[in-house]
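Structural characterization, general
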2 protein chains.
Amino acid sequence: MAGRGRPRVVVVGAGFGGLWAARTLAFEPVEVLLVDRRNHHTFFPLLYQVAAAEIEPEAIAFPIRGLLRRFPNIGFEMAEVRAINVEARRLETDGPPIPYDFLILAPGSVEHTFGVSGVAEHAFFLKNLDQAIALRNHILASFERAAREPDPFQRRQMLTFTIIGGGPTGVEFAGALAELIARPLRRDFPTLDFQEVRVILLEAMEGLLPGFPGSLRAYAAARLRRLGVDVRLMAMVEAVEPGRVRLRDGAFIETGTVVWTAGVRGNPLGEALGLPVGPGGRVQVAPTLQVPGHPEIYIVGDLALPEGAGKLPMVAPVAIQQGTWAARNILRVLRGRPPEPFRYRDPGTLVTLGRNAAVAHVFGRAFTGFPAWLLWLGVHLVRLIGMRNRLVVLSSWAWDYLFYERVVRLILPAIAESHR
Amino acid sequence: MAGRGRPRVVVVGAGFGGLWAARTLAFEPVEVLLVDRRNHHTFFPLLYQVAAAEIEPEAIAFPIRGLLRRFPNIGFEMAEVRAINVEARRLETDGPPIPYDFLILAPGSVEHTFGVSGVAEHAFFLKNLDQAIALRNHILASFERAAREPDPFQRRQMLTFTIIGGGPTGVEFAGALAELIARPLRRDFPTLDFQEVRVILLEAMEGLLPGFPGSLRAYAAARLRRLGVDVRLMAMVEAVEPGRVRLRDGAFIETGTVVWTAGVRGNPLGEALGLPVGPGGRVQVAPTLQVPGHPEIYIVGDLALPEGAGKLPMVAPVAIQQGTWAARNILRVLRGRPPEPFRYRDPGTLVTLGRNAAVAHVFGRAFTGFPAWLLWLGVHLVRLIGMRNRLVVLSSWAWDYLFYERVVRLILPAIAESHR
């Protein structure tokens, strides 16, 4: 620290954890550098709506420099972190190395295939905006190809969309996709026989939304089935092959689109620390979120497995609270006080199920239907950053709600279609 | 036509020419099939604003099936036309072949490098949305790279943006880029020295906007220079090399970004007809827009060179009027009347020069400044298709005008950055 003035806090990752950590340090006597390999923050909770052609990608992507502009002590660098030299307190990147006094690691999570054969090669994922755009383009292109395909077997295969994983992402995407098909695409493709279109949701457990109260789980499955989703429980995937999914019971699903939402794991950057990586690729940290043996390094969000806190879900509220907590702990240490153990305040969980329906588990209460959906709507609009983005998203939702019109049915950019 | 009921009109290309041709045939006693390799119509006049991070690509892209939904006799097929079998009256595509009774060809134009060495390999273009997104991503990524680049030579090269071609596209893009840099990026990158940033506009002739009245041409150059654009006239480009432009006088410009707006030519599909292709890759057609020897084929828009009409510019009004005209001629022929020769009504030309300034050449009158800019604004908002797109574009323009804020400063999707 000597000779460089104020201590330098480097934050890796501009997701919820990193962004809230940086903002907590605004106007404090530290120099902050936020590092991300993208130039924008992504509002992940609405990612599935990009894939379902409901909202523009731009509506949930925020230029990071714009978000930080008001804070004179926070800088940004677009760089990919490749290694962490904990002894020299320096990040190795694809650009010049970045020295730090304190480090907050918030790189998030990546898809986890559990080694299921063919998933990495043939499935789509919903973990970042590029993937969501590629999936949207692929779905729309599948309908275009089917519309000119004379062979009924090939056509049905093109029009079968298989989602693997019945957690919140799989459930929300299945509902949004079913509604995209039910009205907007049905009107777009008057020559197609929509009896040939299928949305299949595969879940390995005995019910959707594992971890939710039983009444909500039953409601979610019933609701998705009413939307026309073929919900299959206790369905174990053995392999994903070109054009089909093989189940463990030997059955095949002929399908042109496979979306894998069945697993996430901590970002591989966790392994760069040389520390033991626990279940789900997460790194065990002290209750204060500090790395054992390196109290100047904090881990927050999806990558963190804080001792004594149980296995917290990989969701935005955890990341936001941990990012804020880690930043406050650094400020405590700088003031000569001990860092405090993280405590999570669960604000509840909301999962939409298409138009007018959602499940909510808030303040220990479980409820469903229209009230849950309204709550979901309000919470997500308020949490979205930026007035103009709220306006754009609200106008998309209003157009969809009033006119059953999805405004972003675009295969764009064309080159992203084959990218996963 | 026998046995298939109503005659089938196939329209190739869903740009201005093709879309207006199809709409003219709505509710008429013909079966219409519109064919395009994309699933959306692009509002080209605002393409440069996508590249300058001013508006989202989605705001100027319209799902074609949505535009045609009201017209029961018009279908759409997403396909790439590879050849035209004029004897069998059939299009060969990447899918099943498409038979026609009448054909309206409106494939538009593509960039034309005039064989200048290195342009195809190293320059960006502004002829379609994918290219505009790739250019936007590259500009923003150049600033991000420059912000972490310690070497001043490399940094200046990254921050030098060279536009080749002083026609309307080059002029409008230069103005929009200069304003993106002047305020939004200057605020985003407080650590950069903006003395190192340069926008250079190279024009081979003695003035910008060839073909415009002299007073407008002088105004445009003066206005761009006031915005900080380095306008160089009589500058002939010899070659584009990696990281630099070589001029015919032997000088070099070290530059990380080259945008080629100096030439367009008719779509290569014109050559598939086996007809002589004239200057600029355009196909000579009769005054009625019919192909000599094949009166069932019409060519409209950028690809058409109608006999006796002079050399019309490759702009939206020409395409719209010709598309409408060709469709009406087909209806005339079906009613047993002779097709009529095309007459162009010039609605005038408008070119913006950044905030509050434009040049207008309308009804034979030339004017500049704020009135011309207001006219440009109104005309483009009215011409944009779709209420929601108008709302989104207007909100982008309002944010920019009031807060000097470009809302779409996103490198997204990341994979498109290196794509041209």
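Definitions and cut-offs
Residues numbered from 1 in each chain as written. Chains lettered and ligands numbered in written order. Predicted model: local features only at pLDDT ≥ 70, side-chain atom pairs only at ≥ 80, totals over all residues. Heavy atoms only, no water. Least-squares fit on C-alpha atoms with pLDDT ≥ 70 in both. Contact = heavy atoms within 4.5 Å. Buried area = accessible area lost by both parts, 1.4 Å probe. Salt bridge = Lys/Arg side-chain N within 4 Å of Asp/Glu carboxyl O. Polar contact = N/O pair within 3.5 Å; in protein donor to acceptor, adjacent residues only side chain to side chain. Helix = DSSP H or I, 4+ residues; strand = E, 2+ residues; numbered from the N terminus. Nonpolar A, V, L, I, M, F, W, Y, C, P; charged D, E, K, R; others polar. Pairing = 2+ DSSP bridges. Axes fitted to C-alpha atoms, helices over the stretch in contact; angles between N-to-C directions. Core = buried A, V, L, I, M, F, W, Y, C linked by side-chain atoms within 4.5 Å. Buried < 20%, exposed > 50% of the residue type's maximum accessible area, 1.4 Å probe, protein only. Parallel < 35°, antiparallel > 145°, perpendicular 65-115°, else oblique. Domains from an automatic or database assignment.

Focus: the relation of the copies chain B and chain A
Each copy superposes on the other: chain B lies on chain A with an RMSD of 0.0 Å after a rotation of 180 degrees and an axial shift of 0.0 Å. Between the two chains, the operation in question is that of a two-fold axis. Residues of chain B ranked by C-alpha distance from the rotation axis are headed by V392 of chain B, positioned 3.4 Å from it. The residues that chain B uses at the interface reappear at the interface of chain A in 100% of cases, marking a shared surface.

Quick notes on the interface of chain B and chain A
With 51 residues of chain B at the interface, the matching set in chain A holds 51 residues. For the pair chain B and chain A, the summed buried surface comes to about 4,500 Å²; carbon and sulfur atoms form 57% of the total. The largest contributions to the chain B side of the interface with chain A come from R69, R148 and R388 of chain B, which together make up 19% of the buried area. At the junction of chain B and chain A, the tally comes to 6 salt bridges. Remark: the boundary between chain B and chain A carries 14 residue pairs in polar contact (both at pLDDT 80 or more). Counting only elements with at least two residues in the side of chain B that touches chain A, the list comes to β4 (61-63), α3 (64-68), β5 (74-78), α5 (129-147), α7 (168-188) and α11 (387-403) of chain B. Here the residues of the side of chain B that touches chain A are counted per class, giving 28 nonpolar, 7 polar and 16 charged.

Notes on the sheet that holds β5 of chain B
Residue and element names in this part refer to chain B. One open sheet accounts for 6 strands, arranged β5-β2-β1-β9-β22-β21; its pairing is mixed. Looking at the sheet topology across the chains shown, the edges are occupied by β5 and β21 (290-291). In this structure, strand β2 (residues 31-36) lies alongside β5, joined through 5 bridges in parallel fashion. Directly across from V32, in β5, lies its bridge partner I74. In the packing of helix α1 (residues 16-24) onto the sheet, contacts are made with β1 (8-12), β2, β5 and β9 (102-105), and the angle to β2 comes to roughly 165 degrees.

Some remarks on the nonpolar core
I84, F143 and F173 of chain A together with I84, F143 and F173 of chain B are the most contacted members of the largest nonpolar core, which totals 270 residues. Discounting chain neighbours no more than four positions away, the residues touching I84 of chain B are R90, L91, Y100, L103, L105, L269, A272 and L273 of chain B.

Quick look at unusual backbone geometry
All names here are of chain A. The omega torsion across L412 and P413 is -10 degrees, close enough to zero to call that bond cis. The residue P413 is located in the segment after α11 (387-403) in this model. The residue L209 is not glycine, and still its phi comes out positive at about 50 degrees. When you line up the elements, L209 lands in the loop between β13 (198-202) and α8 (214-226). You can call L209 buried: its relative accessible area is 0%.

Structural notes on the packing of helix α10 (residues 369-383) of chain A against α11 of chain A
Residue and element names in this part refer to chain A. Direction vectors running N to C along α10 and α11 enclose 150 degrees, while the axes themselves pass 10 Å from each other. Taken together, the axes of α10 and α11 are roughly antiparallel relative to one another. On α11, the residues touching F370, W373, W376, L377, H380, L381 and V382 of α10 are R390, V393, L394, W397 and Y401.

A word on the environment of A61 of chain A
Mapped onto the elements of the fold, A61 of chain A is located in strand β4 (residues 61-63). Using a relative accessible area of 1% as the deciding quantity, one classes A61 of chain A as buried. Counting along the chain gives 17 residues from A61 of chain A to F44 of chain A, while the straight-line C-alpha distance between them is 9.2 Å. In this view, A61 of chain A contacts H40, H41 and L129 of chain A together with L410 and L412 of chain B; residues no more than four positions away in its chain are not counted.

Remarks on the domain arrangement of chain A
Residue and element names in this part refer to chain A. Segmenting chain A into domains produces domain 1 (8-37 + 79-111 + 264-334) and domain 2 (119-262 + 348-416). Spacing between the C-alpha centres of domain 1 and domain 2 amounts to 32 Å. At the interface, 7 residues of domain 1 touch 5 residues of domain 2. Across the domain 1/domain 2 interface, buried area totals approximately 530 Å², and carbon plus sulfur atoms make up 60% of it. A per-residue breakdown of the area domain 1 buries against domain 2 is headed by E111, V264 and P317, which together make up 62% of the total. At the junction of domain 1 and domain 2, the tally comes to 0 salt bridges.

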